[in-house]
Amino acid sequence: MKLFSLFSVSDEQAMWRVQMQDDAEAFAILVERWEGPIQNLCTRMLGDAHRGEDLAQEAFTKIFARRKEYEPRGKFSTFLWRVALNLCYDELRRRDRRRETSLDAELSNEDTYTADELPPDVSMAREETAERVRGALMRISEAYRSVLVLRHYEDLKFREIADVLDIPEGTVKSRMAEGLSQLARLLEGEPESKIRIKNTDVRKELLVL
Amino acid sequence: MSFLYDELAPETRAGLQAHLDACCECRVQMTAWQSAAMQMSEWKLPPKRKVAVARTLTRWAIAAAIVGLAALGGARLVALSGEVKQLRTEMREQLLLEVRRDLDSALAQVTEQATKSASTEAQALIAAVAQKLEEKRLTDQQATLAALQKMNAQRVADYAAMRKELETVAVFTETGLERAQNQIATLAYSPASFSDNK
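Because the structure is predicted, anything quoted here is derived from the model rather than measured.

Novice: Looking at this structure, I do not really get the confidence of the model for chain B. What am I missing?
Specialist: Overall, the prediction assigns chain B a mean pLDDT of 81, with 79% of residues at 70 or greater. Predicted as a complex, the structure gets a pTM of 0.56 and an ipTM equal to 0.75.

Novice: Would you take a moment to explain the interface of chain B and chain A for this structure?
Specialist: Reports of interface size often rely on the accessible area that becomes lost once the parts have come together. Of the residues lining the interface, 28 residues belong to chain B; the matching set on chain A comes to 37 residues. Taken together, both faces of the contact between chain B and chain A bury some 3200 Å²; the carbon and sulfur share is 65%. The largest contributions to the chain B side of the interface with chain A come from B:Met1, B:Met40 and B:Trp43, which together make up 26% of the buried area. The interface formed by chain B and chain A holds one salt bridge in total. When the shortest N-O distance is used, the salt bridge between A:Arg151 and B:Glu7 registers 2.3 Å. Between chain B and chain A we count ten residue pairs in polar contact (both at pLDDT 80 or more) in total. Among the secondary structure elements, those contributing two or more residues to the side of chain B that touches chain A are helix 1 (10–22) and helix 2 (24–40) of chain B. The biggest single contributor to the side of chain B that touches chain A is helix 2 of chain B, with eleven residues. For the side of chain B that touches chain A, the residue count by class is 15 nonpolar, seven polar and six charged.

Basis of the calculations
- Residues numbered from 1 in each chain as written.
- Chains lettered and ligands numbered in written order.
- Predicted model: local features only at pLDDT ≥ 70, side-chain atom pairs only at ≥ 80, totals over all residues.
- Heavy atoms only, no water.
- pLDDT = per-residue confidence, 0-100.
- Contact = heavy atoms within 4.5 Å.
- Buried area = accessible area lost by both parts, 1.4 Å probe.
- Salt bridge = Lys/Arg side-chain N within 4 Å of Asp/Glu carboxyl O.
- Polar contact = N/O pair within 3.5 Å; in protein donor to acceptor, adjacent residues only side chain to side chain.
- Helix = DSSP H or I, 4+ residues; strand = E, 2+ residues; numbered from the N terminus.
- Nonpolar A, V, L, I, M, F, W, Y, C, P; charged D, E, K, R; others polar.

As structure tokens, this is what we get:
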């Protein structure tokens, strides 16, 4: 009976139980509901499925550790996306530092795939595109990548992304436009300057809505 | 962007579509974004295995539970009541332990407080006793002083009376001596009478 009632509670109600009563069952429900999306977010942000899984676990651990900080007025998912994204940013910064301090200073495997240099073992056309997309996304700055991932893969509305990132909705849309443009450029292999000049005036009109 | 991700109201969408039909530059831009978005969708992640496994397991577990419940029926209920009893016993023991622990800690607190309050009370008592003793000492001192003063006054009065009496005695003695001298003198000048008398 208790389990049934737990399955029907909202995320916010479950989180409230976690916060007030340290309810492990309620927390298990939240993990069950959100583990997949959070793993996907981390994997897409880092371009690494294993590290994505680790970070997703870390995100839930952090959520439990910081359960008292959760404000029941806000959506639980907003809180969760934010915690997971911040962990991704930290991880990316750590990678940058490692890369800077490394004597070899070689790019890791996922970053070596550019629009026109594909790994030799990728043969299927679809896999090839997927790999190109992953490589291209990893080359886009975090601010654009997070918007692209949240909107395109996690299917959040622009309004929700604005809440997660705590920025205006207009900024989210302009980042999305810029991110998509950069991605298109990387995927097509066009020079950066060409796309920028071409899009400057056009994008303003399309960004209004 | 809202057009691309279908977040627009139908009438707004229709308006923008009309613009795209008319404006070549915007159409090119939109096509580039759509193309990038379509390619993004090619990066698919494998479904989360743990979740899939968990779901399958859950389904099997539910099915097994239903079959098991139907088959076991009353026997399961008896077993359940046994489990409940066992659980209750365990819980009681646990509760007792917890209550005992709580009581111990409460007792420790009370003892500590009592010790603290006792020491405070003792201090207050000592202070009161000291005050009483001081008061008593002062009263005694005053009484002694009064007695001494009284004794002194008595002594002075006695001294005065004694002196007066001594003076009287001295006067009487002097008078007696004079009288004796006179009698001696009288006797000296009349030896006959002395011898007669003899």
